Amino acid sequence: MKLIAGGLNGHYLKELLMNAPDDVEWVKAAIAYASGTPELVEFCVERKLRMEFWGRLDETIPVSLNILERFMRLGPNYTCKLVWKYFHPKIIQFGGYGVYIGSANLTDNGWYKNIECGVFLTEADLIENGIANQVDEVFDGIDAESVPLTDEILRQLRELQQNHESSISDWQKAEKERTKDFEQLLNHSVAKKFKGLSVVTKKSSSEKHKEKFLEEWNETLQLIRQISDQVATDENRP
């Protein structure tokens, strides 16, 4: 068993691919969101492994069109099924190797930048703890609620995206403005802004001391406010 926590402990999901034995038989992945060029899919293609993928289906197109189109081109050994809306698992099973259960989506941020945590259970772990059958039951349950990706679904999703491109563009512009306003707010009130685990910066000792002082100062101010609110209540007045 291994804890996979990315930048927090130095163990990344890609390690599972790099360390996978040659006799991995197949891959099953039930993951809500996917975008970009997922390394898991590329791993299966390069190894010529049969892959079954279940993703989320809703109006936001959680699995990007380029990934859906890729599955349609890859052939019968690479199946994609979709589960309507209320679907949020992140589980990857490697036949004959083990299973990852955690929080990471098939996205670059999920694999490298976000704070994500999960565990990898080897095949021996699954058997020893008597949960191999339970993992099978999870995938069977997911499959029972899924629909296969078809040309009709893909066409409808393309139309949906095209019909909403203008509104999406407007939404993205508004989102950027909100992000800008939010960051300005943080600059005035919060000393420490988390930029993701893939961002590594070298700071001087004085900078670190300054950040620590500002962090403690803000915490102290908030504590004083809370005490003030308590003292100001009628029952606490002298």
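See the structure shown above.
Calculation notes
- Along each chain, numbering runs from 1 in the same order as the chain's sequence is written.
- Residues qualify for local features only when their pLDDT is at least 70, as the model is predicted, and side-chain atom pairs are given and counted only at 80 or more; totals for whole chains, interfaces and linings, by contrast, use all residues.
- Excluded from the side-chain calculations are hydrogens and water; all other atoms, namely the structure's heavy atoms, are used.
- Interaxial angles span 0 to 180 degrees and are taken between N-to-C directions of axes, which are lines fitted to C-alpha atoms, for helices over the stretch in contact.
- Under the DSSP-based scheme used, a helix requires at least four consecutive residues in state H or I and a strand at least two consecutive residues in state E, with every element numbered from the N terminus.
- Working rule for angles: under 35 degrees goes down as roughly parallel, over 145 as roughly antiparallel, 65 to 115 as roughly perpendicular, anything else as oblique.
- Crossings are assigned a handedness: left-handed for a near helix turned anticlockwise from the far helix by less than a right angle, right-handed for a clockwise turn.
- Residues are treated as being in contact if the distance between any of their heavy atoms lies within 4.5 Å.
- Amino acids outside the nonpolar list (Ala, Val, Leu, Ile, Met, Phe, Trp, Tyr, Cys, Pro) and the charged list (Asp, Glu, Lys, Arg) are all regarded as polar, and Gly is one of them.
- Categorising residues by exposure relies on relative accessible area from a 1.4 Å probe, with only protein chains included: less than 20% of the type maximum marks a residue as buried, more than 50% marks it as exposed, and the intermediate range marks it as partly exposed.
- To be clear, the arc concerns the directions from the helix axis to the C-beta atoms.
- Being paired, for any two strands, means DSSP has found at least two bridges between them.
- Side-chain atoms within 4.5 Å are what join buried Ala, Val, Leu, Ile, Met, Phe, Trp, Tyr and Cys residues into a set we call a nonpolar core.
- For this document, the term salt bridge refers to a Lys or Arg side-chain nitrogen within 4 Å of an Asp or Glu carboxyl oxygen.

Chemist: What am I meant to see in the packing of helix α3 (residues 65-74) against helix α7 (residues 151-163) here?
Modeler: When two helices pack together, their arrangement is given by the angle between the helix axes and the distance between those axes. Running from N to C, α3 and α7 point in directions that differ by 160 degrees, and their axes come no closer than 11 Å. If you check the angle between α3 and α7, you find them roughly antiparallel. Pair α3 / α7 crosses with left-handed handedness. Of α7, the residues touching α3 (which contributes Leu-65, Leu-68, Glu-69 and Met-72) are Asp-151, Leu-154, Leu-157, Arg-158 and Gln-161. When its residues are assigned to classes, the contact of α3 with α7 shows five nonpolar, one polar and three charged.

Chemist: Just to check I follow, could you spell out helix α2 (residues 39-47) for this structure?
Modeler: Along an α-helix, residues three or four apart share an orientation, since each turn contains 3.6 residues. Considered for burial, the residues of α2 that qualify are Leu-40, Val-41, Phe-43 and Cys-44. The buried side chains of α2 occupy one side of the element, clustering within an arc of 160 degrees when seen end-on.

Chemist: What is the right way to read the pairing of strand β4 (residues 78-84) from this model?
Modeler: For a regular strand, side chains alternate in direction, first toward one face of the sheet and then toward the other. In terms of strand pairing, strand β3 (residues 50-57) meets β4 through seven bridges, oriented parallel. Bridging across to β4, Arg-56 finds its partner in Val-83. In the sheet, β4 pairs with strand β8 (residues 146-148) via three bridges, with the strands oriented antiparallel. Among the inter-strand pairings, Lys-81 is bridged to a residue of β8, identified as Pro-148.

Chemist: Mind showing me how you'd approach the environment of Gly-6 here?
Modeler: Along the chain, Gly-6 turns up in the loop between β1 (2-4) and α1 (13-18). For Gly-6, a relative accessible area of 11% puts it in the buried group. The sequence separation of Gly-6 and Trp-111 amounts to 105 residues, and the corresponding C-alpha distance is 7.3 Å. In this structure Gly-6 touches His-11, Tyr-12 and Glu-116, once residues within four positions along its chain are discounted.

Chemist: In this structure, what is going on with α3? I would like to understand it.
Modeler: Within the span of α3, buried status applies to Leu-65, Ile-67, Leu-68 and Phe-71. For α3, the arc enclosing every buried residue in end-on projection is 165 degrees, short of the 170-degree limit, so these residues lie on one face. Looking at the packing, one finds that the buried side of α3 touches α2, β3, β4 and α7. Positive phi appears at Gly-75, one or two residues downstream of α3, with a value of about 105 degrees.

Chemist: What am I meant to see in the nonpolar core here?
Modeler: The nonpolar side chains of a soluble globular protein tend to be buried, and buried together. Among the nonpolar cores identified, the biggest contains 39 residues, and Leu-40, Met-51, Phe-53, Leu-68, Ile-92 and Phe-94 are the most heavily contacted of them. Residue assignment for this core shows that the elements contributing at least two residues are α1, β2 (26-31), α2, β3, α3, β4, β5 (90-94) and α7. Apart from residues lying up to four places away in sequence, Met-51 is in contact with Val-27, Ala-29, Leu-40, Val-41, Cys-44, Phe-71, Asn-77, Tyr-78 and Thr-79. Ranked by size, the runner-up nonpolar core spans 12 residues in total, among them Ala-32, Phe-87, Leu-121 and Val-135.

Chemist: Please explain unusual backbone geometry as it appears in this structure.
Modeler: In this model, Lys-48 sits at a positive phi of 60 degrees, which is unusual for a non-glycine residue. As for its placement among the helices and strands, Lys-48 is situated in the loop between α2 and β3. The backbone of Lys-85 shows a phi angle near 55 degrees, a positive value even though the residue is not glycine. Take Lys-85: it is sitting in the loop between β4 and β5. When its relative accessible area of 25% is taken as the criterion, Lys-85 is described as partly exposed.

Chemist: It is not clear to me how the pattern of salt bridges should be interpreted in this structure. Could you clarify?
Modeler: Here the idea is simple: oppositely charged side chains can pair when their charged atoms come close. For the structure on display, the rule yields eight salt bridges. Close ionic contact of Arg-70 with Glu-42 constitutes a salt bridge, the shortest N to O distance being 2.3 Å. Residue Arg-70 is found in helix α3, and its partner Glu-42 is found in helix α2; the two are separated by 28 residues along the sequence. We note a salt bridge from Glu-59 to Lys-85, for which the minimum N-O separation is 3.7 Å. Here Glu-59, found in the loop between β3 and α3, pairs with Lys-85, found in the loop between β4 and β5; they are 26 residues apart in sequence, far enough to count as distant.

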